[in-house]
Amino acid sequence: MTRDKITRSFQLHYKIKMLLKISNSSCCPTCFLQLVLPPVSTVMAGLLKRALRLRTALRCLCDYNMLSRSTATLSPVDFHSPFLTCSSEQVLASTRKLHAGADGSKVSPSAAPERLPFCRVTEEDLAFFRKILAGRTIVDPDLVEPSNVDWLKSVRGSSEVLLRPQTTEEVSQILSYCNSRNLAVNPQGGNTGLVGGSVPVYDEIILSTSLMNKILNFDSISGVLTCQAGCVLENLSFYLEERDYIMPLDLGAKGSCQIGGNVATNAGGLRLLRYGSLHGTVLGLELVLADGQVLDCLSTLRKDNTGYDLKQLFIGSEGTLGVITAVSILCPRKPKSVNVVFLGCETFEQLLKTFQLCKSMLGEILSAFEFLDSECMRLLNTHLKLPNPISDCPFYIVIETSGSDPTHDAQKLHNFLEEAMTSSLVSDGTVATEEAKIKALWSLRERVTEALTHDGFTYKYDISLPVERIYQLVTDMRKHLGNRAKSVVGYGHVGDGNLHLNVTSPSKDPALLAAIEPFVYEWTASCRGSISAEHGLGLKKRNYIYYSKQSQAVALMGNIKAMLDPKGILNPYKTLPDNLKHI
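The rules behind each value
Residues numbered from 1 in each chain as written. Predicted model: local features only at pLDDT ≥ 70, side-chain atom pairs only at ≥ 80, totals over all residues. Heavy atoms only, no water. 1 Å grid on protein atoms, 1.4 Å probe; cavity = no way out; pocket = protein on both sides within 12 Å on 5 of 7 lines; lining within 4 Å. Points joined across faces, edges and corners; volume = space filled by probe spheres on them. Nonpolar A, V, L, I, M, F, W, Y, C, P; charged D, E, K, R; others polar. Axes fitted to C-alpha atoms, helices over the stretch in contact; angles between N-to-C directions. Helix = DSSP H or I, 4+ residues; strand = E, 2+ residues; numbered from the N terminus. Parallel < 35°, antiparallel > 145°, perpendicular 65-115°, else oblique. Left-handed = near helix turned anticlockwise from the far one by under 90°. Contact = heavy atoms within 4.5 Å. Pairing = 2+ DSSP bridges. Salt bridge = Lys/Arg side-chain N within 4 Å of Asp/Glu carboxyl O. Buried < 20%, exposed > 50% of the residue type's maximum accessible area, 1.4 Å probe, protein only. Arc of directions from axis to C-beta.

*Asks:* I tried to follow empty space enclosed by the protein on my own but got confused; where do I start?
*Replies:* All chains considered together, the criterion is met by one cavity of 30 Å³ or more. Computed from the structure, the largest cavity encloses a volume of approximately 60 Å³. Taken together, Arg115, Phe118, Cys119, Arg120, Val121, Leu183, Ala184, Asp203, Glu204 and Ile205 make up the lining of the largest cavity. Across the lining of the largest cavity, the residue classes tally to six nonpolar, no polar and four charged.

Next up, the structure:
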């Protein structure tokens with residue numbers, strides 16, 4: 001290291017020391033910045049400003065928590081309902097006021113709020129984008145339209161510009177410019193989201209990562225894959241399988257979803273039971289902040305205990321804090337032995353007992369335990385012509401095992417099935433060991449969402465609950481709705497307590513929606529569950545966040561958003577509630 005570099009290093013150390021000392025004093029932020037910032041770079045100035053804001057936010061949170069020890073905390077979870085034991089008239093009145101129209105009529109909390117005062121795209125803006133993205137600045141309405149509509153065709157934006165960068169530097173230039181011009185940006189991956197988080201609400205510029213699809217590196221010893229955010233999940237799976245590895249997550253939308261979007265929504269999927277969530281398997285991220293600064297946290301280390309683990313803040317942030325441009329992820333070895341079992345149960349209680357037996361007898365080779373009900377099977381038969389491989393049952397289970405010793409795995413599976421049949425926990429079943437049959441059995445679980453789209457307009461709910469309560473919500477919803485719904489079906493991941501509740505009707509029905517919501521969220525809150533297990537909040541669920549998070553936690557989220565994206569240009573109208581109060 002040269003003498004000049006050493007000198008600059010000590011100067012920087014001194015500035016940071018001053019920051020910590022003075023920010024604890026009564027010196028106001030403006031005076032402090034004038035004292036410390038002039039010799040420091042623009043980048044460092046931005047970081048110091050953000051550090052001050054975060055320190056202020058945390059100090060306020062600390063004060064709030066001290067206050068809350070002696071006063072009752074108000075939260076929309078405390079609404080009067082048949083499920084909740086406590087109430088908060090103040091918050092309830094506030095929420096009713098928020099979602100009432102000018103004439104007093106009710107507006108659904110999932111509806112779009114009013115457009116915020118962002119600037120609109122001009123010819124000068126387009127000229128800038130065309131300069132840095134030659135041939136990749138799309139304004140043809142026919143080409144932009146698919147990116148304006150979500151997969152369910154339930155949310156439609158009106159963006160007139162689709163940008164398709166190929167590099168992190170291009171993303172940085174785009175966001176730096178948009179931030180300076182106060183232009184809202186909608187980051188978009190494969191556009192497979194189910195809560196309206198991946199498409200514009202109004203005329204936000206669509207920033208697609210589809211062309212950022214390069215695999216940057218793969219370490220065959222550690223199993224760490226590093227790639228750009230636009231890589232399609234299924235393509236990554238093919239790449240890894242050729243090298244005797246697999247991706248740690250598997251989704252029904254794997255043919256079109258992108259790894260950046262998976263990380264941004266903290267997607268769960270079918271392998272979470274075995275390999276855990278993306279909070280554990282993602283080792284590093286590269287991302288671009290709202291002002292164009294590139295944050296390089298693209299570590300490939302499994303252990304790094306130096307300071308705050310910043311990447312965790314962006315996993316599940318739904319593109320509201322930064323645009324993910326690259327990911328490093330830990331991948332497991334490809335199992336040498338894979339078996340899939342499809343079983344039928346007469347009651348959900350028997351299904352839960354089968355799950356307990358499964359964990360006990362299959363142990364380390366158990367990689368998935370999924371379920372679907374008879375209504376799901378009916379839709380698969382009716383709309384997709386998929387045959388039921390076993391006799392009709394009220395409930396069906398898909399179990400997958402994966403290991404390194406075919407003989408050992410087969411014996412464990414045989415012992416489990418023998419015990420399950422002898423105990424009368426399952427009434428029928430079939431086993432697949434060949435790849436074609438394995439895919440056929442998995443399709444019965446993975447294609448339920450597709451079958452639902454053929455049944456009518458679908459209201460989708462992604463709920464996390466104590467495992468023993470999962471199906472009770474489906475039963476109670478059917479009783480609650482009566483004949484107002486065409487179908488009410490339940491399926492999901494028993495292994496991690498994740499229910500996918502779906503309600504269909506011949507067409508979009510505001511009265512039906514009003515009957516479903518907030519009933520479904522109140523029911524979930526009464527069990528201390530989560531209103532979003534893996535789909536995120538997006539546009540549709542943003543105002544229901546209080547059913548799962550306390551108000552002070554949501555307020556701190558708002559402070560973090562304000563610190564990282566002061567103008568709010570990144571994916572506006574998503575994730576955080578409309579009536580957000582800062583602390």
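After presenting the structure, the write-up continues.
*Asks:* Looking at this structure, how should I read the packing of helix H13 (residues 348-362) against helix H15 (residues 406-422)?
*Replies:* Think of two packed helices as two axes; the pair is described by the angle between the axes and how far apart they sit. H15 packs onto H13 with a crossing angle of 150 degrees between their chain directions and a minimal axis gap of 10 Å. Relative to H15, the element H13 is oriented roughly antiparallel. Where H13 crosses over H15, the handedness of that crossing is right-handed. Listed contacts from H15 to Thr354, Leu357, Cys358, Met361 and Leu362 of H13 are Lys412, Leu413, Asn415, Phe416, Glu419 and Ala420. Residues of the contact of H13 with H15, tallied by class, amount to seven nonpolar, two polar and two charged.

*Asks:* I keep staring at the sheet that holds strand S16 (residues 498-505) and nothing clicks. Help me out?
*Replies:* Think of a sheet as strands paired side by side through backbone hydrogen bonds, with each pair either parallel or antiparallel. The strand order S13-S10-S12-S11-S15-S16-S14 describes an open sheet built from seven strands, whose pairing is antiparallel. Edge strands, defined here as strands with exactly one partner in the open sheet, are strand S13 (428-432) and strand S14 (457-464). Averaged over neighbouring strand pairs, the angle between their axes works out to 15 degrees when direction is ignored. As defined by bridge partners, strand S10 (residues 337-345) adjoins S13 across five bridges and the pair is classed as antiparallel. Residue pairing for S13: glycine 344 is matched across the bridge by aspartate 428. Packed onto the sheet, helix H14 (residues 374-384) meets S10, strand S11 (366-373), strand S12 (395-403) and strand S15 (487-493) and runs at close to 105 degrees relative to S15.

*Asks:* Please explain the sheet that holds strand S3 (residues 185-188) as it appears in this structure.
*Replies:* Strand order in the open sheet made by the four strands is S1-S2-S4-S3, with mixed pairing throughout. Every interior strand has two partners, whereas the edge strands, strand S1 (137-138) and S3, have only one. As defined by bridge partners, strand S2 (residues 162-163) adjoins strand S4 (residues 205-208) across two bridges and the pair is classed as parallel. The residue of S4 that forms the bridge with leucine 163 is leucine 207.

*Asks:* What am I meant to see in the pattern of salt bridges here?
*Replies:* Here the idea is simple: oppositely charged side chains can pair when their charged atoms come close. Taken as a whole and assessed by the stated rule, the structure comprises 20 salt bridges. Each of Arg115, Arg120 and Asp203 takes part in a single network of salt bridges with overlapping partners.

*Asks:* Help me understand helix H5 (residues 123-132), please; the structure alone is not making it clear to me.
*Replies:* Along an α-helix, residues three or four positions apart point the same way, because every turn accommodates 3.6 residues. Taken residue by residue, H5 has Asp125, Leu126, Phe129 and Ile132 as its buried positions. Around the axis of H5, the buried residues are gathered within 130 degrees of arc, so they sit on the same side. Facing away from the buried side of H5 by more than 90 degrees, the exposed set consists of Glu123, Glu124 and Lys131. Looking at the buried positions of H5, the neighbouring elements they touch are S1, S2, helix H7 (168-181) and S4.

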